[in-house]
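Residue strings, one per chain:
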Amino acid sequence: MQGRFSDSPYFMIRDFFDEIRKTKHNNLPEIDYNWEVTFVSTFTDAISAGSVEYKEGNWSLTDGDSNDIVYTDFATNIYNILYHFNPNEQHAYNSYIVSPFVNINTHGNGIVNLYVKEPDEGYIPISIKHLNTKGDRFNFSTTAGRTLVPGDTIVETLSGASYYFGIYNTNIHNGFSTYFNNNRETYWRKDSLFHAWLIKYAQQYYLDKWGIKIDIRNYVNYDKIFLLFHRIFKSHDEKTCRIIFYGMKNFVMDAIPEHQRTPRFKEFMDIFFDELYQEHHNQIKDIWHLLDAMMTAFEYLGYLSKFYDMFDVDQFDIKELQLREFVRDMIWILKRKGTYTDYFVLWRILTDTINRLNIYERWHTKSIDGWPNWPASIDPQDISTWPNYPYYSDTNGTTNVPESEWYDTNYILKPEYHHPPVSGGAGPVYYQDNYPCSLETYESSNMLLSTHYIVEIDVNNEPMDNDAVLSKKTWDNISSYWEYLRPVNRVSHYRIVLAPITKFSCEFVPLYHNLRDKTAFVQSKCEYYYPLVTGAYIHKQDIPSNEWIVHHNLGGNVHVQVFDDMFNEMIPSDIVFDSNSVLRVLFDNETTGFALIKVADSTDLQSPIVDIWNIVNTLNNEKLIINFEEDHQKSYEGSLELISPAESMATFSETSIHRRNVTSEGNFVFFQNTPSTEWDVVHNLGTNGVLMNVYDMNNQRMNPSEFELVDTEKMKLYFDSPQDGYVVLLRVGNFNFDNFDFGDVTIRLYEHIGDMADGVPPIYTTHADWVLETEDAYYIQRTIPQEETFTFNEIAIYHENGELIFYTKCSDVYNPRDVMLTLHYRIEKTT
Amino acid sequence: MNDKDKSYNELVPEYLESDFAIALAKNVDLLKQSDTFKDYNYHGANMTMILELLAYLADFNSFHTNMVAKNVYMESANVYETVHALALLKGYYPKGFISAYTSIECTLDCYKKDQQGNIIETYISDGDQLLIKAWQPLDIGKVSIVNESITYNTTDEYIINVSNTENPVINDQVSFEFFMKEGNMEELKYTHRDVIDNEIILPFHNYDHGTYPFTVPSISVYVNDEEWIRVHDFYDEMSGLKEEYDDVYMFVYDKYRRYAVRFDTSRKVPGRTDIITVKLLKSKGPDGAIGKNTIDIPSALNNFEIFNITKNIPIPTEQIVKFTNPDSSILGTLPENVEDIKVSSKVNIHSQYRNVTAKDYRYHLEARTDVAKGSAWGEQEIDPGNVLEYNKVYVSVVPPEGIDSLFIPGTIDTEVVTWTEIDDPSLSQDIEVPQAYNTDFRDDLLIYLEPRKMLNAYEVPVLPKIVYFRFDIGIRVKRTYNYSDVREDVKNKLIFFFDRTLRNFNEEISFMDIHNFILDQSIVRDDDIFENIKGVDSLVLRELKTYTNTLGTGNEEVVYEPNNNNLFPMYTYESFDSYIDNKLRTIKIGYDQYPMLVIDMCRFYTEL
């Protein structure tokens, strides 16, 4: 009698070893590799060989022969990898996979990881190499294996006792040690290659072999952490060892008188009890595991959930281990029913998101309608009755919110806001100083806490789904479970907050920075105020410096004009063109301001270098902006005369300097026909950032004494004496984003990307609740009431004059009928 | 199971009544009824073998089937594995070994002095901080019943503030208490490769499993030197208000009687480059229990270190005046067996991890080490019908003796009231009262409560109103007893009555109860049996006065007559005679009121 039976039938262990030995190619050299699979659960993500990590996607398993496979086969054929895996031209043909869950050992030729159960120590890991199978004896070589030894002192401890389990590659003992004794139970651990073979390959193996599709799980419960192989015995020299199988078939044979154990009868009984009856025996044993979420067959997990009258686990889109843990711990959800924690737990488990979850209670004051005959009806969608943190102020959404009460600066001023911990419930500590009823004043506040609460899903740190900002499936899933746990005398409301972020740039600004392999997106850009024309760049120098370094990335031929913070032009000591992408603006003193940079329409080198340069104007236009560079520096020296549309003439005092002109056609020409010291130039270009050249009536360039950019439609020039003439203006973009009047903003939501451009009517049109300007940003907000269900992919923000101001395209955002949707558009005052 | 004579309460199912002999006989009987086999030789070699084999198999099947059936129900289950699994379904985690632990009373000499009493060296000064590191072992010099030496350990780090308010220097000495737990410490190191199904299965030793809420830890788990937090279940401490709230683990005793450190996907699991260090105790269970004063300095302190952080010096062993356990150790148990688990899980099934009733709040509050007593109340208690009180939950706490970090302290001057007559004029007449919550503590308390807070409950910490009591006590002493000895024990017994472990918020203080409590010789304290109480011939309580520090009425000594206006403290019944104020009526104190004794203000008389 050998004690209890092996957890696996004999024939499966035997066939497993036969199978893994098929991968041996003795005619090829052995290479000693130990590649670690970094991904425990799927075997698909990455392999590391030494310090180099090969991630799925950045290499393929091809070496040019006909058996090439690409990485997508990696997960489905664990044997092929060793034939074809070829990092650094080092083939691994003569190899076995020790475990696809742990590591790939290419030296072992049949090495398996096992665990010896030593009563005083625990499960001691060993690696041994399979030699052959003789009946119930599985023989192994220990010389190619190793064991990891408890007792290797790594850290001195106060008691002197320490163990160092599982630190592979640090305390490897070739051959066997004496740390475990003979006749000890030996186990497969759940991450073994044997488990992988059982789970992924055995069924196909027996279908091929027997033509019968068997359920492997019925023969052996591979969901147990440790499966008993059986007892291990070392040889005298410890170079070999054997594990002697003992199972149902052996038990039965023990019942037969010895003289009747003929080979044929034994074979007959082995087939019956090992290959047939084992299924029944295992299933009887497994009945107890039906109660254990971690060990029951996966298809029965739902029954445990139903045991608690809880959720239909088929709906959960999470990994098996997480789902098992969730079902195992359901009782702890029940014991917290009705708490904020339960909402938080479900949010964490069902969505696996880093987005914030905010739960607010609703408070009322005595002044609500109907007082004191409360309850009078209160519109639950009246957002003025809700505390609102951190998205907007607590002053009923009015536009005149003092900056000190404005909390959304978190989004812009604190980059780490993109990586917050997920948040939980409400209460005064959560709100800090802005709770409707503070702890200090609760006795005198006359505030009444209602039974209503709002659950707010913030989708602004990452998409909730792989391919959608929020999908119907995810919403239905999470909201139904929340409702399932809602106390009957509490009233829930739900809100989704989408806060696209953009700036005064024609480029799309992404909302998400931490996608974690998700593909969904939200991108927004400015459309209206021509914040930057094509080929333009505005440098804003906020920190005083005598050297502004401008990374414009516009190439080498650019106009540059510099202004102070009051929008007056400044003449710097130098503008140095360091490269095609960087220039430096130098001053004698530290200063702040703006630099407007615009790609020129044409350029020409002066040749020969003389004091008078007749410039051939290829643009053939009279409205020209012309600037000069000398030795990679902007030149403010010399005179300029526009002779004709095709020709100009520049005169310089120096003749030994290489020069170049940069020329562009202006957008607007203003004529001052009456001599004046002050020119009011109304250009209506829609931008306050403009480049200019000023000419007298004789087409000679002249410089005003002052130059002021008033607003997006107007500028002023000042002269020391009355002058007539004209000024050519070239639109660059805006660098002053203050005091824009958006008017009554209209928001339109479109069902598909491209609908707006194609003239397809929006699926929802509304007006902004409010627009707010702060020092750093504008905020446009609309809370769309609970009216109808729709999914949108485009948001268009219109000025009241009908022009499109901002545009957002995004993956699906599902807006259920019974949920408020808050659009909280954020526009940074920058390009 | 068609035996109709069986009671439905039969909880030992014999699901299948068939063993080897029955199966063999039945099979032969059935075969004999067959035309083919009726005349067969049942004793032939092959036939016997087949029949016995099949009977053997039937017996085997019967055993398994019965075992399975029996273990379907908790009441009839007898296999540890299944009882454990059934208990988990109910939300009960069976316990492994639990080490005995005890508090240590330690007194240190602050100075090293020469023979003339001159200070040679100062080791401790007022304002210093002392440190006792976690996981320091101490061989207490005793052996267990199986002749193994017993070791006690610190399992937590203790910082001792030497100050007038916490651990004052008295007579050049400072005294403090901390906990030590029995066991031999082990330190285990693991990597992510040892984590399987988010568990690390530990060696097969008898580790101390500890008891919730883990105030005296039994295990420390570090991931890359950062200590993670042990939780009761994985939804424990789950809150957006908690910092580092996901660095948590469970320490479980599984159905195969193995210890495991468990992580959870819903919280955080160590990554592939992390090193996991586990420190825990090999427990002797009940064999590690010790009687009071078993630990004593002379036994040996060995390398046990008390360190002065402020002065950056260790305290030499010779400075230790006292190092002993004033009480017997508590706990020290074997793992729960099948019957233990059945009982415990039955009790546990109704437990909730949410605060709904006042008791829920009270127990949750009192699980904190810095809270001796807690109280919670709401609209119904203070102003039924006032909608402003909807959904508000008021909570109040008092700390154990010696902890004063909860409140900003203040005093009341008893001279302004009438408490001027005291036995010992040299005693202070100022009585300490809480003036306001320490805001750090208040926020910490709210964060602590939040994971169990129900939706739309607004928890408001309310400053406790301390109702101070004083009495005149007349004692007539039996002839054979000394009055001052008896008076001292009466005084101590009265102090014991008002011990914070015994008193509660919103209590009724009955003078008959006090009278009986003092005279009941069976009520003793661990360190005092009040022997001279036997000498009381008669005991009279009179001249009760109360003082409630924050009544705000201008008359803090008032005890209200019975009322429905929630004016506390109040008498529970009317005075029988309107001309005489009967002060010895039972007094009910309010939901936010807690009774304390001002012993210095009590007067003791010889009763004639």
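Because the structure is predicted, anything quoted here is derived from the model rather than measured.

Asker: So what exactly am I meant to see when it comes to the overall build of chain A here?
Answerer: Looking only at helices and strands, chain A features 14 helices and 43 strands. Burial analysis of chain A (831 residues in total) assigns 57% to the buried set. Contacts in chain A between residues at least 24 apart in sequence constitute 71% of all its contacts with a sequence separation of at least 6. When the accessible surface of chain A is totalled, it reaches about 34300 Å², and 47% of it is carbon and sulfur.

Asker: Would you explain the overall build of chain B in this entry?
Answerer: Of the regular secondary structure elements, chain B holds nine helices and 33 strands. The burial tally for chain B puts 53% of its 608 residues in the buried class. Long-range contacts, defined here as pairs at least 24 residues apart, represent 72% of the contacts in chain B between residues at least 6 apart.

Asker: How do you make sense of the packing of aromatic side chains when you look at a structure like this?
Answerer: What describes a pair of aromatic rings is the distance from one ring centre to the other and the angle between the planes of the rings. Per the stated rule, a full pass over the model turns up 78 aromatic pairs over all chains. For the ring pair Phe496(B) and Phe517(B), a centre distance of 5.7 Å and an interplane angle of 50° mean the geometry is tilted. Pair noted here: Phe496(B) is in helix α8 (residues 483-497) and Phe517(B) is in helix α9 (residues 511-519), with a separation of 21 residues, a long-range link. Like Phe496(B), the residue Phe517(B) is buried in the burial classification. Three or more aromatic residues joined by ring pairs make a cluster, and in this case those are Tyr10(A), Phe16(A), Phe17(A), Phe138(A), Phe140(A), Trp188(A), Phe194(A), Phe229(A) and Phe245(A). Geometry around Tyr798(A) places Arg748(A) over its ring, the cationic atom sitting 4.2 Å from the centre. Stacked on the ring of Tyr571(B), the Lys or Arg Arg585(B) has its end atom at 3.8 Å from the ring centre.

Asker: How should I be thinking about unusual backbone geometry in this particular structure?
Answerer: Trans is the common state for peptide bonds, and a negative phi is the common state for residues other than glycine. Residues and elements named next belong to chain B. The linkage connecting Tyr-212 with the following residue, Pro-213, adopts the cis geometry, with an omega of 10°. Within the secondary structure, Pro-213 is located in the loop between β11 (199-201) and β12 (219-223). A cis geometry characterises the amide bond from Phe-568 onward to Pro-569, with omega recorded as -5°. Its place among the elements puts Pro-569 in the loop between β29 (536-548) and β30 (570-571). Within the chain, Asp-225 stands out as a residue other than glycine whose phi angle is a positive 75°. With respect to the helices, strands and loops of the structure, Asp-225 is situated in the loop between β12 and β13 (226-227). The class for Asp-225 is exposed, based on a relative accessible area of 67%. For Asn-391, which is not glycine, the phi torsion reads 65° and is therefore positive.

Asker: It is not clear to me how the pairing of strand β1 (residues 98-109) of chain B should be interpreted in this structure. Could you clarify?
Answerer: Within a regular strand, side chains alternate between the sheet's two faces. All names here are of chain B. Counting buried positions over the twelve residues of β1 gives ten, a clear majority of the element. Relative to strand β21 (residues 330-333), β1 runs antiparallel, the two being bridged by three bridges. The partner of Ala-100 across the bridge, within β21, is Leu-331. In this sheet, strand β9 (residues 173-182) lies alongside β1 in antiparallel orientation, the contact comprising nine bridges.

Asker: Would you mind showing me how to read helix α10 (residues 340-351) of chain A here?
Answerer: Every α-helix winds through 3.6 residues per turn, so residues three or four apart in the chain are directed the same way. Residues and elements named next belong to chain A. In a regular helix each residue adds 1.5 Å, so twelve residues correspond to 16 Å; α10 covers 17 Å between its end C-alpha atoms and thus fits that length. Burial runs high along α10: twelve of the twelve residues are buried. Buried residues of α10: Tyr-340, Thr-341, Asp-342, Tyr-343, Phe-344, Val-345, Leu-346, Trp-347, Arg-348, Ile-349, Leu-350 and Thr-351, and no others. Asp-352, located one to two residues past α10, shows a positive phi value of around 50°.

Asker: Is there a simple way to think about empty space enclosed by the protein in this case?
Answerer: Where empty space is left becomes clear once a probe the size of a water molecule has been rolled over the atoms. Scanning the model with the defined rule gives seven cavities of 30 Å³ or more in all. Here the largest cavity is characterised by a volume of approximately 410 Å³. In terms of lining residues, the largest cavity is bounded by 28 residues, among which Asp292(A), Met294(A), Arg328(A), Leu88(B) and Arg262(B) are the most central. Secondary-structure elements contributing two or more residues to the lining of the largest cavity are α8 (320-328) of chain A together with α3 (80-90) and β15 (248-253) of chain B. With four residues, α3(B) is the single largest residue contributor to the lining of the largest cavity.

Asker: Would you explain the packing of helix α5 (residues 358-366) of chain B against helix α7 (residues 439-449) of chain B in this entry?
Answerer: What describes two packed helices is the angle between their axes and the distance between those same axes. All names here are of chain B. In the contact formed by α5 and α7, the axes pass within 11 Å of each other and the chain directions differ by 120°. Overall, the two elements α5 and α7 adopt an arrangement that is oblique. Considering only the axes of α5 and α7, their crossing is right-handed. From α5, Tyr-361, His-364 and Leu-365 reach across to α7, where they touch Leu-445, Tyr-448 and Leu-449. Residues of the contact of α5 with α7, tallied by class, amount to five nonpolar, one polar and no charged.

Asker: Honestly, the sheet that holds strand β31 (residues 587-588) of chain B in this entry has me stumped. Any pointers?
Answerer: Strand pairing within a sheet occurs via backbone hydrogen bonds; the two strands may be parallel or antiparallel. Residue and element names in this part refer to chain B. Strand order in the open sheet made by the three strands is β28-β31-β30, with antiparallel pairing throughout. Both outer strands of the open sheet, β28 (508-509) and β30, are each paired with one neighbouring strand and no more. Note that β30 and β31 share two bridges and pair antiparallel. Bridging from a neighbouring strand, Met-570 pairs with Lys-588 of β31.

Asker: Quick question: what am I supposed to make of the packing of α3(B) against helix α4 (residues 338-348) of chain B here?
Answerer: Residue and element names in this part refer to chain B. As a packed pair, α3 and α4 sit with axes 10 Å apart at the nearest point and diverge in direction by 10°. One way to sum up the angle between α3 and α4 is to call them roughly parallel. Side by side, α3 and α4 meet where Tyr-80, Val-83, Ala-87 and Lys-90 of the first sit next to Val-338, Ile-341, Lys-342, Ser-345, Lys-346 and Asn-348 of the second. In terms of residue class, the contact of α3 with α4 is built from five nonpolar, two polar and three charged.

Asker: Teacher, can you tell me more about the pattern of salt bridges here?
Answerer: Here the idea is simple: oppositely charged side chains can pair when their charged atoms come close. Summed over the entire model, instances satisfying the criterion amount to 54 salt bridges over all chains. Between Asp370(B) and Arg368(B) there is a salt bridge, with its nearest N and O atoms 2.9 Å apart. Owing to a relative accessible area of 10%, Arg368(B) belongs among the buried residues under this scheme. A salt bridge links Glu561(B) to Arg585(B); the shortest N-O distance between them is 2.9 Å. With a gap of 24 residues between them, Glu561(B) in the loop between β29 and β30 and Arg585(B) in the loop between β30 and β31 connect regions that are remote in the sequence. Here the salt bridges share partners, and the residues they tie into one network are Arg217(A), Asp223(A), Asp286(A), Glu320(A) and Arg324(A).

Reading guide: rules and limits
- Residues numbered from 1 in each chain as written.
- Chains lettered and ligands numbered in written order.
- Predicted model: local features only at pLDDT ≥ 70, side-chain atom pairs only at ≥ 80, totals over all residues.
- Heavy atoms only, no water.
- Helix = DSSP H or I, 4+ residues; strand = E, 2+ residues; numbered from the N terminus.
- Buried < 20%, exposed > 50% of the residue type's maximum accessible area, 1.4 Å probe, protein only.
- Contact = heavy atoms within 4.5 Å.
- Areas by Shrake-Rupley, 256 points an atom, 1.4 Å probe, with all protein chains shown as cover.
- Phe/Tyr/Trp six-rings, centres within 6.5 Å; stacked < 30°, edge-to-face > 60°.
- Lys NZ or Arg CZ within 6 Å of the ring centre and 35° of its normal.
- Pairing = 2+ DSSP bridges.
- Expected span 1.5 Å × (residues − 1).
- 1 Å grid on protein atoms, 1.4 Å probe; cavity = no way out; pocket = protein on both sides within 12 Å on 5 of 7 lines; lining within 4 Å.
- Points joined across faces, edges and corners; volume = space filled by probe spheres on them.
- Axes fitted to C-alpha atoms, helices over the stretch in contact; angles between N-to-C directions.
- Parallel < 35°, antiparallel > 145°, perpendicular 65-115°, else oblique.
- Left-handed = near helix turned anticlockwise from the far one by under 90°.
- Nonpolar A, V, L, I, M, F, W, Y, C, P; charged D, E, K, R; others polar.
- Salt bridge = Lys/Arg side-chain N within 4 Å of Asp/Glu carboxyl O.

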